[in-house]
Amino acid sequence: MKGVILHGGAGTRLRPLSYSGPKQLIPVANKPVSQYVLEDLVSCGITDVAIILGETFPELVREHYGDGSKFGAKITYIYQGKPLGIAHAVGLCEEFVGDEKFVVYLGDNLLQHGIGPYLKKFQESDADAMVLLKEVEDPRRFGVAQFDEQGKLVKLVEKPREPPSNYALVGVYFLTPVIFDMIKRLKPSWRGEYEITDALQMLIDGGYKVDYAIVDGWWLDTGKKDDILYANALILDERIKRRIKGEVKDSRVEGRVYVEEGARIVSSKVRGPAILGKGCLVENSYIGPYTSIGDGARIINSSVEYSVILGGATIKNVIRLEESLVGKNATIIGEGKKGVMRLHVGDYSVVELG
Ligand code: TTP
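From a predicted model like this one, the values you see are computed outputs, not experimental measurements.

A. View of the overall build of the chain. The helix and strand inventory of the chain stands at eight helices and 32 strands. A compact globule built from 354 residues should have a C-alpha radius of gyration of about 20 Å, and the chain, at 22 Å, falls within 12% of that. When the backbone C-alpha atoms are referred to their principal axes, the chain occupies close to 70 × 45 × 35 Å. A total of 354 residues make up the chain; the buried ones form 53% of that total. Excluding contacts between residues fewer than 6 apart, the proportion of contacts in the chain whose partners are at least 24 apart in sequence is 49%.

Structure below.
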């Protein structure tokens with residue numbers, strides 16, 4: 001089976017960070033979201049993977065993943081450019097897929113237990129497609145499933161005002177090449193996109209077998225700042241073990257804290273779960289739970305909690321920074337200003353709080 005990772009899209013809800021790079025490369029626990037996706041595919045034995053590139057700095061994606069060998073995969077890049085829709089992106093993969101079954105994984109989706117169990121179900125079945133569903137409180141911002149009395153999937157509606165159920169479509173689609181015939185017949189929706197839900201609906205209406213599985217465990221779509229922070233907290237909570245490779249001087253490091261090589265913690269307190277990237281500096285500061293500090297970042301005379309600080313950023317004299325997403329090489333100077341700061345700051349930005 002082959003895999004397709006969608007790495008395009010506009011990422012409007014993650015501006016300003018999505019201006020300077022694709023949102024799927026934003027790290028949680030110091031690893032790009034789409035790398036969890038690739039690792040999930042590889043761990044299921046899917047190593048032949050296409051990555052669909054959008055128009056925002058696609059070269060950063062190529063730089064990170066290369067030919068895939070570092071990740072145990074063989075990667076083919078397919079350029080989509082403008083975000084004309086998920087079905088449009090999938091339609092570009094016809095040649096790559098050939099006559100195999102394949103799985104499409106949105107590059108900003110995370111599943112607690114990965115796709116393994118569902119993949120097996122699809123591989124063993126004769127279904128023409130299989131979707132994953134998850135019960136959510138407010139399904140209106142998702143594609144939503146409608147079932148008949150026997151529990152058969154009969155309809156998929158994109159972002160309905162009146163949802164027919166609470167089952168949202170997760171961003172993983174198990175497909176067979178018959179989907180390409182449907183995609184070729186698609187017309188853009190009211191929002192101008194070629195919708196995968198419409199293509200799947202054509203399969204259902206054409207009498208093809210569209211199966212589903214209900215996702216067990218959490219599922220996250222990291223399309224907004226708060227989702228990134230939440231994903232970061234969950235991943236730190238579940239996957240970070242205590243390991244201190246860097247230097248700790250006159251400091252306390254409590255709980256599950258991963259301190260990478262070359263990191264220095266000086267006259268500070270760090271409380272896990274947290275990760276401190278290679279070569280970063282934490283000096284005279286407090287790092288609270290659910291915080292990721294990127295490689296080479298510097299936190300000086302500050303307190304940071306429940307935040308994602310990207311590589312190379314500097315945070316200085318900030319009394320309380322919480323629930324913040326701070327871009328690559330950004331600088332935040334607090335000048336000891338009192339009160340809690342909650343920031344969403346783009347790469348290379350400078351914020352002086354005076
Ligand atoms: P969305 O998050 O729905 O769309 P978006 O990236 O344009 O974000 P926003 O709504 O904030 O502007 O897309 C879901 C995933 O699919 C995401 O990982 C991006 C990817 N995608 C593509 O690769 N190509 C596309 O044409 C579209 C629409 C999305």
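From this point, the narrative continues.
B. Focus on unusual backbone geometry. Geometrically, the link from Arg15 to Pro16 is a cis peptide bond, its omega value of 5 degrees lying close to zero. By secondary structure assignment, the location of Pro16 is in the loop between β1 (2-7) and β2 (27-28). Of note in the backbone geometry, Tyr348 takes a positive phi value of approximately 60 degrees without being a glycine. With respect to the helices and strands, Tyr348 occurs in the loop between β31 (344-345) and β32 (350-352). Note on Tyr348: relative accessible area 58%, which makes it exposed.

C. Summary view of the site of the ligand. Taken together, the neighbourhood of the ligand is formed by 18 residues, with Ala10, Thr12, Arg13, Lys23 and Gln80 sitting nearest. Taking Gly8, its main chain carries an N or O atom lying 2.9 Å from an oxygen atom of the ligand. Between the ligand and Leu84 there is a distance of 3.3 Å, counted from an oxygen atom to a backbone nitrogen or oxygen. With the chains in place, 88% of the 580 Å² that the ligand exposes on its own is no longer accessible. Of the residues that constitute the shell around the ligand, the class distribution is five nonpolar, nine polar and four charged.

D. Representation of the sheet that holds strand β25 (residues 303-305) within the structure. As summarised here, the arrangement of the five strands in space is β16-β19-β22-β25-β28, forming an open sheet in which the pairing is parallel. Two strands bound the open sheet, and with one partner strand each, they are β16 (252-254) and β28 (321-322).

E. Region of the structure containing the nonpolar core. Judged by nonpolar contacts, the single largest core of 35 residues is most densely connected at Val4, Phe102, Leu175, Ile179 and Leu200. Not counting the four nearest positions on each side in its chain, Leu200 is found in contact with Ala129, Val131, Leu156, Tyr173, Leu175, Ile179 and Val210. Among the nonpolar cores identified, the runner-up in size contains 34 residues, and Leu38, Ile46, Val61 and Val136 belong to it.

F. Just helix α5 (residues 116-124), in detail. Along α5, the residues classified as buried are Tyr118, Leu119 and Phe122. Buried residues of α5, seen end-on, are gathered within an arc of 100 degrees and therefore sit on one face of the element. Exposed residues pointing more than 90 degrees away from the buried face of α5 are listed as Pro117, Lys120 and Glu124. Where α5 is buried, its residues meet β6 (102-106), β8 (129-135), β11 (167-175) and β12 (210-214).

G. Broad picture of the state of the cysteines. Enumeration over the complete set of coordinates arrives at zero disulfides. In this model Cys93 remains outside any disulfide bridge; the closest cysteine sulfur is found in Cys44, 18 Å from its own. When its relative accessible area of 0% is taken as the criterion, Cys93 is described as buried.

H. Representation of the sheet that holds strand β29 (residues 325-326) in the model. Ordered in space as β14-β17-β20-β23-β26-β29-β31, the seven strands form an open sheet in which the pairing is parallel. Every other strand in the sheet has two partners, leaving β14 (243-244) and β31 as the edge strands with one partner each. In this structure, strand β26 (residues 308-309) lies alongside β29, joined through two bridges in parallel fashion. From the neighbouring strand, Ile309 faces β29, where its bridge partner is Val326. On the sheet, helix α8 (residues 225-239) packs against β20 (274-276), β23 (291-293), β26, β29 and β31 and is oriented at approximately 95 degrees with respect to β23.

I. Inspection of the packing of aromatic side chains at higher detail. What the rule picks out here adds up to seven aromatic pairs. When the centroid spacing of 5.6 Å and the interplanar angle of 40 degrees are considered together, the rings of Phe122 and Phe174 count as tilted. Here Phe122, found in helix α5, pairs with Phe174, found in strand β11; they are 52 residues apart in sequence, far enough to count as distant. Just as Phe122 is buried, Phe174 falls in that class too. Aromatic pair Tyr290 and Tyr306: ring centres 6.1 Å apart, planes at 70 degrees, arrangement edge-to-face. You can see Tyr290 sitting in the loop between β22 (286-287) and β23 and its partner Tyr306 sitting in the loop between β25 and β26, a full 16 residues away along the chain. One aromatic cluster in this structure is built from Phe147, Tyr167 and Tyr212.

J. Looking closely at the domain arrangement of the chain. Entries for the chain in the domain assignment read domain 1 (2-235) and domain 2 (242-352). Taking only C-alpha atoms, the centre of domain 1 and the centre of domain 2 are 32 Å apart. With 15 residues of domain 1 at the contact, the number on the domain 2 side is 21 residues. Summed over both partners, the interface of domain 1 with domain 2 comes to about 1400 Å²; 65% of that surface belongs to carbon and sulfur atoms. Applying the counting criterion to the domain 1 and domain 2 interface returns zero salt bridges. On the surface where domain 1 and domain 2 come into contact, there are six residue pairs in polar contact (both at pLDDT 80 or more).

Thresholds applied
- Residues numbered from 1 in each chain as written.
- Predicted model: local features only at pLDDT ≥ 70, side-chain atom pairs only at ≥ 80, totals over all residues.
- Heavy atoms only, no water.
- Helix = DSSP H or I, 4+ residues; strand = E, 2+ residues; numbered from the N terminus.
- Rg over C-alpha atoms; globule rule 2.2 N^0.38 Å.
- Buried < 20%, exposed > 50% of the residue type's maximum accessible area, 1.4 Å probe, protein only.
- Contact = heavy atoms within 4.5 Å.
- Near = heavy atom within 4 Å.
- Polar contact = N/O pair within 3.5 Å; in protein donor to acceptor, adjacent residues only side chain to side chain.
- Areas by Shrake-Rupley, 256 points an atom, 1.4 Å probe, with all protein chains shown as cover.
- Nonpolar A, V, L, I, M, F, W, Y, C, P; charged D, E, K, R; others polar.
- Pairing = 2+ DSSP bridges.
- Core = buried A, V, L, I, M, F, W, Y, C linked by side-chain atoms within 4.5 Å.
- Arc of directions from axis to C-beta.
- Disulfide = S-S within 2.5 Å.
- Axes fitted to C-alpha atoms, helices over the stretch in contact; angles between N-to-C directions.
- Phe/Tyr/Trp six-rings, centres within 6.5 Å; stacked < 30°, edge-to-face > 60°.
- Domains from an automatic or database assignment.
- Buried area = accessible area lost by both parts, 1.4 Å probe.
- Salt bridge = Lys/Arg side-chain N within 4 Å of Asp/Glu carboxyl O.

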